[in-house]
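Residue-level structural notes
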Amino acid sequence: MTFPLTRRLVTFGALASLVAVAACGDDDPVTPPPPPALTAPTGVAGTSPSPTSIRVTWSAVTGATSYEVERAQGTGIFAPAGTATTPELVVTGLSAETDYRFRVRALRTTEQSPFSTEATVRTSNRATVQVTADVTAATTWTSDNIYQLTRIVSVANGATLTIQPGTRIIGAPITAGQAPAVTALIVLRGARINAIGTVAAPIVMTSAAAEGQRFPGDWGGLIIVGNARSNRTGRTVVEGPTPADTISWNGGANDADNSGDYRYVRVEFAGAAAILNVELNAFSMYAVGSGTRMEFLQAIRGLDDQFEWFGGTVDGRNLVSYEAGDDHFDGSEGYRGRNQFLIALQTGPRVSPRPGNPGALSSEQSGFENDGCGATSGSCAQGFNSTPYNMPVYANFTVVGPGAGVLPVRAGGDGGLGANIRRGTGGVWMNGVLARWPEAAFSIFDPETNTRITEDSLNIRNLVLADNPRDYDAVGATNRFGQSDKFTNNAIRTTAVAAHTLFVNVPTAATTIANGFAFDWRPAAGSILATGGTGTTLPGRIPTRVTNYFGGTMAGTTYVGAVDPAAATPWTAGWTTYYRN
């Protein structure tokens, strides 16, 4: 049928009007943009709460509604392990003492993210025992269990905790993206721990995270409070988060006090902090007496000091420190113990805490730091001259720094030193190596410390200073008193050779050290370290300081450094290890 032109125009106009109305309607609801694509989960880690299970955790992914976890045994093929709506999954039915690889991807309806980076976790053959209460009576922790600290746990006055060889002690579980809970083990005044490991079965205190996922500051460390004298007055409390900072440690009167027996013990990834600048140490020793035995101890990657003595008289030998967040060996507040055969190594890049941990690295890191008393007033009654004087002995040490570009070094500051000797301390540094420190081999601060030199109470002798940009304090340096002319008769030798060439197997400063690197601290063939020790006769006033040392007398050596070049097997073999995470 053919319509008249007028009718066709009217019909066309009506259709145009409908199209216009429809077009206006399209502007009314606004279609939201699609959500961003899912990203792969990060921070995948795991722990083994039982011999047949692994708890896998990861960081939450924005927009994800669930997660898929896959596992593979050893180097095998991945298979589904389960799904979860929160960023953790406990996988059961596993084999004991077996490595498993895990990967995780995020899900949202039909959308899937890429898989995460793989994490390898090993199941334990030991049950995990949750330690929720203080130790108040005679107690034994056995090697067939893992003991997990859920808080700062104290061994109370009068109690003895015995720890069997091979026992493993861990901090609280780690949740990716969150600050670790502050856990530590404290031996209170009047209590003891007998932790006697062996070369084949050292006692290990470490992070709860799986290998490869551990960070400095994941837990607190070992704190020992004794009853020996210090040079602090008033009420002085333990450094660290509550309840550690409620425990007073000074005012003791028994220099022969006994806080237990510690042998073949390794403390790893310690230094937990609740707030900035209250980090705990790996080994913290407060007024610990000479009746306590401490030998064959290693600290690995602590966020603060590795071995710190506050007053007291406890002796030590065969101590190893690897990668400190602050100082390796720190003695202050009237510490008068003797230590022989010490090793410390700092490399780069610097240790760093887990993301979310409020703790921080020190800006004044050194190999040794020793202070007479830490303040000029208040709890240091005579300031830097407070008594008993800080008078430690360090003999046969090998303390190697990271070289240039790793530690913060400030002109006139006190970081980056092989030995930072200050605030009125005396003491003995002998038969040792200070090498590769970016500021200087050693520095002596403060007039009171200089007085200890003139009084023959500060002895530095029979050292090798190697690969340092400066060995002594510069002439005329403000408040520095360690100029070379004070040590012309002290058998101190200097060399510019690269520090690593002094030893059988120690990496260069530029080497990133792989986990499990096989260190050998024996002097290299023909090394300057192989000679130059003091023999069996120790000079000056030193002999009066080294009697009654581990049941005998601290002996001089014909070599310099921590390890005998003639040893068929170094004393570090079998029980020490070196890893970054």
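See the structure printed just above.
Residues numbered from 1 in each chain as written. Predicted model: local features only at pLDDT ≥ 70, side-chain atom pairs only at ≥ 80, totals over all residues. Heavy atoms only, no water.

1. A short note on the state of the cysteines
Selection rule: Two cysteine sulfurs form a disulfide in these notes if their separation is within 2.5 Å. Buried, partly exposed and exposed residues are distinguished by accessible area as a fraction of the type maximum, computed with a 1.4 Å probe on protein chains only: under 20%, between the cut-offs, and over 50%, respectively.
Within the structure shown, the criterion is met by 1 disulfide. Disulfide pairing is shown between Cys373 and Cys380; the S-S distance is 1.9 Å. In this structure the cystine formed by Cys373 and Cys380 twists about its S-S bond by roughly -85°; its chirality is therefore left-handed. Judged by relative accessible area, which is 0%, Cys373 ranks as buried.

2. Here we look at the sheet that holds strand E30 (residues 440–444)
Formally: Any two strands with at least two DSSP-identified bridges between them are counted as paired. Numbering of helices and strands starts at the N terminus; helices are DSSP runs of H or I of at least 4 residues and strands are runs of E of at least 2. To obtain each axis, a line is fitted to C-alpha atoms, and for helices this fit is confined to the stretch in contact; angles are then taken between N-to-C directions over 0 to 180 degrees.
Here we have 9 strands laid out as an open sheet, ordered E12-E15-E18-E20-E22-E24-E26-E28-E30, and parallel in their pairing. Whereas interior strands pair on both sides, the edge strands pair on one side only; in this sheet they are strand E12 (152–155) and E30. Strand-to-strand twist of the sheet, defined as the mean angle between neighbouring strand axes without regard to direction, takes the value 10°. Bridge count for strand E24 (residues 329–332) against strand E26 (residues 368–371) is 4 bridges, and the pairing is parallel. Across the sheet, residue Phe329 finds its bridge partner in E26, namely Phe368.

3. Focus: the pairing of strand E16 (residues 192–196)
Burial of the side chains of E16 is restricted to one face: Ile193 and Ala195 are buried, whereas none of Arg192, Asn194 and Ile196 on the reverse face is. Pairing between E16 and strand E19 (residues 260–268): 4 bridges, direction parallel. Within E19, the residue paired with Ala195 across the bridge is Tyr262.

4. Considerations on helix H2 (residues 447–454)
Defined as follows: Taken from the helix axis, the directions to the C-beta atoms give the arc we talk about. Here, residues are in contact when the closest pair of their heavy atoms is within 4.5 Å.
Of the residues making up H2, those classed as buried are Thr449, Asn450, Arg452 and Ile453. Along the long axis of H2, the arc covered by the buried residues comes to 150°, so they all point the same way. The secondary structure elements touched by the buried residues of H2 are strand E28 (417–422), E30 and strand E31 (458–466). Of the residues one or two after H2, Asp456 is the one with positive phi, at around 60°.

5. Side note on the sheet that holds strand E5 (residues 88–91)
Sheet architecture is open: 3 strands sit in the order E1-E2-E5, paired in antiparallel fashion. Edge strands, defined here as strands with exactly one partner in the open sheet, are strand E1 (45–50) and E5. This sheet shows a mean twist of 20° between the axes of neighbouring strands, independent of strand direction. Across 4 bridges, strand E2 (residues 53–57) lies against E5 in antiparallel orientation. In the strand pairing of E5, Ile54 is matched with Val91.

6. Topic: the pattern of salt bridges
Quick reminder of the rule: Salt bridges are defined by distance alone: a side-chain nitrogen of Lys or Arg within 4 Å of a carboxyl oxygen of Asp or Glu.
Under the counting rule described, the total for this entry stands at 29 salt bridges. In this structure, Glu369 engages Arg422 in a salt bridge whose closest nitrogen and oxygen atoms are separated by 3.2 Å. Here Glu369 is found in strand E26, whereas its partner Arg422 is found in strand E28, with 53 residues between them in sequence. Here Arg422 falls in the buried class, since its relative accessible area comes to 6%. Across the salt bridge formed by Arg522 and Asp520, the nearest N and O atoms sit 2.6 Å from each other. Taken as a pair, Arg522 and Asp520 share a single burial class, namely buried.

7. Some points on the packing of aromatic side chains
For clarity, the threshold we go by: Paired rings are identified among Phe, Tyr and Trp, the last through its six-membered ring, by centres lying within 6.5 Å, and are further divided according to the angle between planes into stacked (under 30 degrees), edge-to-face (over 60) and tilted (the rest). The criterion is that NZ of a Lys, or CZ of an Arg, lies within 6 Å of the ring centre and within 35 degrees of the ring normal, and then a charge sits over that ring.
Under the criterion given, the structure shown has 30 aromatic pairs. Taken together, a centroid distance of 4.8 Å and an interplanar angle of 10° make the contact between Trp141 and Tyr147 stacked. Residue class for Tyr147 comes out buried when judged on its relative accessible area of 6%. Between the aromatic rings of Phe517 and Phe519, the centroid separation amounts to 4.9 Å while the plane-to-plane angle is 65°, which identifies the pairing as edge-to-face. An aromatic cluster is defined as three or more aromatic residues linked by ring pairs; in this entry it consists of Phe283, Phe307, Trp309, Phe329, Tyr335, Phe368, Tyr394, Phe397 and Trp429. Positioned above the aromatic ring of Phe78 is the side chain of Arg103, whose terminal nitrogen or guanidinium carbon lies 4.2 Å from the ring centre. When the ring centre of Tyr389 is taken as origin, the NZ or CZ atom of Arg452, which lies over that ring, is 3.9 Å away.

8. What to know about the side chain of Gln483
Mapping Gln483 onto the fold places it in the loop between E31 and strand E32 (493–495). The class for Gln483 is buried, based on a relative accessible area of 10%. In contact with Gln483, not counting residues within four places along its chain, are Tyr472, Asp473, Ala474, Val475 and Gly476.

9. Side note on the side chain of Ser284
Within the element layout of this structure, Ser284 appears in strand E20 (residues 283–286). On the accessibility criterion, Ser284 (2% relative accessible area) is buried. Setting aside residues no more than four positions away along its own chain, Ser284 makes contact with Leu222, Ile223, Ile224 and Glu308.

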